[in-house]
Amino acid sequence: ARQFFVGGNFKMNGSVETIKKIVGDLNKANLDPKTEVVVAPPALYLLLTREHLRAGIEVAAQNVFDKPNGAFTGEISVDQLRDSNITWTLLGHSERRVILQEDNTFVASKTKAAIDGGINVIFCCGESLEQRESNKTIDVVTAQLKAVKDKISDWSKIVVAYEPIWAIGTGKVASTEQAQEVHAALRAWLKKEVSDKAAEETRIIYGGSVSEKNCKELSKQPDIDGFLVGGASLKPAFVDIINSNL
Ligand code: 13P
């Protein structure tokens, strides 16, 4: 069975003080030992978070660059993450795809750089409301994955996060049926395009207005293997979401 996975994406939120508080609360909390937990603070606070967070909870960057080093002002490399004991990165978050104009090929190239350098990837995919309403959801998310498939063969270090853009930060969570339908389609795609093993073993997690109220029902769906949590990861509700299977 796939291990349940919950990620907390702090986005561009927090300060030295509030992140120490969040980390301290997580350190004290009773977390389901069966759930894998990863938190993604802003880059500036990665080291602080790693230093204060207890062992067993991993830390993720929110982004990483695809070149090893050099004149790339403002970017962070895969080696620098590894050097700082940061074992995961998010990639392809819709906020970066839309606001920072990252395309499928660039996101896939960064995914390859991370995997090749030993960093695990939470690979985000998802459709806009307009794409959903014109029945393009499955085309959009599989095209996002296809760009990765063209560059990598080992999927064991990837967690796929399905995050419909219209559900992010809106309070409008996807229905369990809507989420399960896309997760099942992503798994079917992995089976057809990658391997039986990748389909069986890859965690596919849901993100978009996940809360302590809606997490239990979503977590019962056969193809939902966890969550990527934004706003609620900054609050005590995050612990309830981590423990949604208890
Ligand atoms: P919210 O949980 O705030 O909707 O954000 C989801 C998200 O984008 C996580 O990456």
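Before reading on, note that the structure itself is shown above.
Keep in mind that this is a model prediction, so the values were computed, not measured. Residues take numbers from 1 onward in each chain, read along the sequence in its written order. Side-chain atom pairs in this predicted model are given and counted only at pLDDT of 80 or more, local residue features only at pLDDT of at least 70, and totals for whole chains, interfaces and linings cover all residues. No hydrogens and no water enter the side-chain calculation; it runs on all heavy atoms of the structure.

When a carboxyl oxygen of Asp or Glu is within 4 Å of a side-chain nitrogen of Lys or Arg, the pair counts as a salt bridge. For the structure on display, the rule yields 20 salt bridges. With a closest N to O distance of 3.3 Å, arginine 82 and aspartate 79 form a salt bridge. Highlighted residues: arginine 82 and aspartate 79, both in helix α3 (residues 78-83), separated by 3 residues, approximately one helical turn. Note on exposure labels: buried denotes an accessible area under 20% of the residue type's maximum, exposed denotes more than 50%, and partly exposed covers the range between, all computed with a 1.4 Å probe on protein chains only. Look at arginine 82 and you get partly exposed, because its relative accessible area is 41%. As a salt-bridge pair, arginine 96 and glutamate 102 come within 2.7 Å of each other at their nearest N and O atoms. Strands are runs of DSSP state E lasting at least 2 residues, helices are runs of H or I lasting at least 4, and numbering of each runs from the N terminus.

Before going further, it helps to spend a moment on empty space enclosed by the protein. Within this scheme a cavity is a closed region of a 1 Å grid, computed over the protein atoms alone, that accommodates a 1.4 Å probe without allowing it to escape, whereas a pocket is open but has protein on both sides within 12 Å along at least five of seven lines; lining residues each have an atom within 4 Å of a point. Grid points are joined across faces, edges and corners, and a volume is the space filled by probe spheres set on the points. This structure, assessed with the given rule, holds 1 cavity of 30 Å³ or more. Each pocket or cavity is described by its volume, and for the largest cavity that value is around 30 Å³. Every residue along the wall of the largest cavity is listed here: Gly92, His93, Ser94, Arg97, Cys124, Cys125, Gly126, Gln144 and Glu163. Counting residues per element, the ones that place at least two in the lining of the largest cavity are α4 (94-99) and β5 (120-125).

Moving on to the site of the ligand. When at least one non-hydrogen atom of a residue lies within 4 Å of a molecule or strand, that residue is treated as near it. Neighbouring the ligand are the residues Asn9, Lys11, His93, Glu163, Ala167, Ile168, Gly169, Gly208, Ser209, Leu228, Gly230 and Gly231. Between N or O atoms, a polar contact is any pair within 3.5 Å; within protein, one atom must be a potential hydrogen donor and the other a potential acceptor, and residues adjacent in sequence are included only when both atoms are from side chains. In this structure, an oxygen atom belonging to the ligand sits 2.7 Å away from a side-chain N or O atom of histidine 93. Contact between the ligand and serine 209: an oxygen atom at 2.7 Å from a main-chain N or O atom of the residue. Calculation of accessible area relied on Shrake-Rupley with a 1.4 Å probe; when residues are assessed, cover is drawn exclusively from the protein chains displayed. Compared with its free state, where it exposes 310 Å², the ligand has 94% of that area covered by protein. Just so you know the grouping, Ala, Val, Leu, Ile, Met, Phe, Trp, Tyr, Cys and Pro go in nonpolar, Asp, Glu, Lys and Arg go in charged, and all remaining residues, Gly too, go in polar. Considered class by class, the residues forming the shell around the ligand number 3 nonpolar, 7 polar and 2 charged.

The pairing criterion is simple: DSSP has to find at least two bridges between the two strands. One closed barrel holds the 8 strands; their spatial order is β1-β2-β3-β4-β5-β6-β7-β8, and the pairing between them is parallel. Averaged over all pairs of adjacent strands, the angle between their axes in this sheet comes to 25°, without regard to strand direction. Pairing analysis gives 2 bridges linking strand β3 (residues 57-61) to strand β4 (residues 88-91), with the strands arranged parallel. Residue pairing in the sheet places alanine 61 in a bridge with threonine 89 of β4. Only the contacting stretch of a helix is used when fitting its axis, a line to C-alpha atoms as for every element, and angles between N-to-C directions run 0 to 180 degrees.

A few words on helix α7 (residues 137-149). By this rule the span expected of a helix is its residue count minus one, scaled by 1.5 Å. The first and last C-alpha atoms of α7 sit 18 Å apart over 13 residues, in line with the 18 Å expected at 1.5 Å per residue. Thr137, Val140, Val141, Thr142, Gln144, Leu145, Ala147 and Val148 are the residues of α7 that are buried.

Another point: the nonpolar core. For this analysis, a nonpolar core means a set of buried residues of the types Ala, Val, Leu, Ile, Met, Phe, Trp, Tyr and Cys, connected via side-chain atoms within 4.5 Å. Trp155, Leu186, Tyr206 and Phe227 are the most contacted members of the largest nonpolar core, which totals 64 residues. It only takes one pair of heavy atoms within 4.5 Å for two residues to be counted as in contact. In contact with tryptophan 155, not counting residues within four places along its chain, are Leu145, Val148, Lys149, Val160, Trp189, Leu190, Val194, Ala198 and Thr202. Among the nonpolar cores identified, the runner-up in size contains 12 residues, and Phe5, Trp88, Leu90 and Ile205 belong to it.

The next subject is unusual backbone geometry. Phi is positive for asparagine 135, close to 60°, though the residue is something other than glycine. On the secondary structure map, asparagine 135 appears in the loop between α6 (129-133) and α7. Residue asparagine 135 is classed as exposed on the basis of its relative accessible area of 69%. Its identity as a non-glycine residue notwithstanding, serine 209 has a phi of 55°, on the positive side. If you trace the backbone, serine 209 turns up in the loop between β7 (204-207) and α10 (215-219).

Once that is clear, we can look at the pairing of strand β2 (residues 36-40). Extensive coverage of β2 is indicated by the burial of 5 of its 5 residues. Note that strand β1 (residues 5-9) and β2 share 5 bridges and pair parallel. Bridging across to β2, glycine 7 finds its partner in valine 38. Seen with its strands pointing away from the viewer, a crossover is right-handed if its path from the first strand over the helix to the second goes clockwise. Each parallel crossover has a hand, and for β1 linked through helix α1 (residues 16-28) to β2 it is right-handed.

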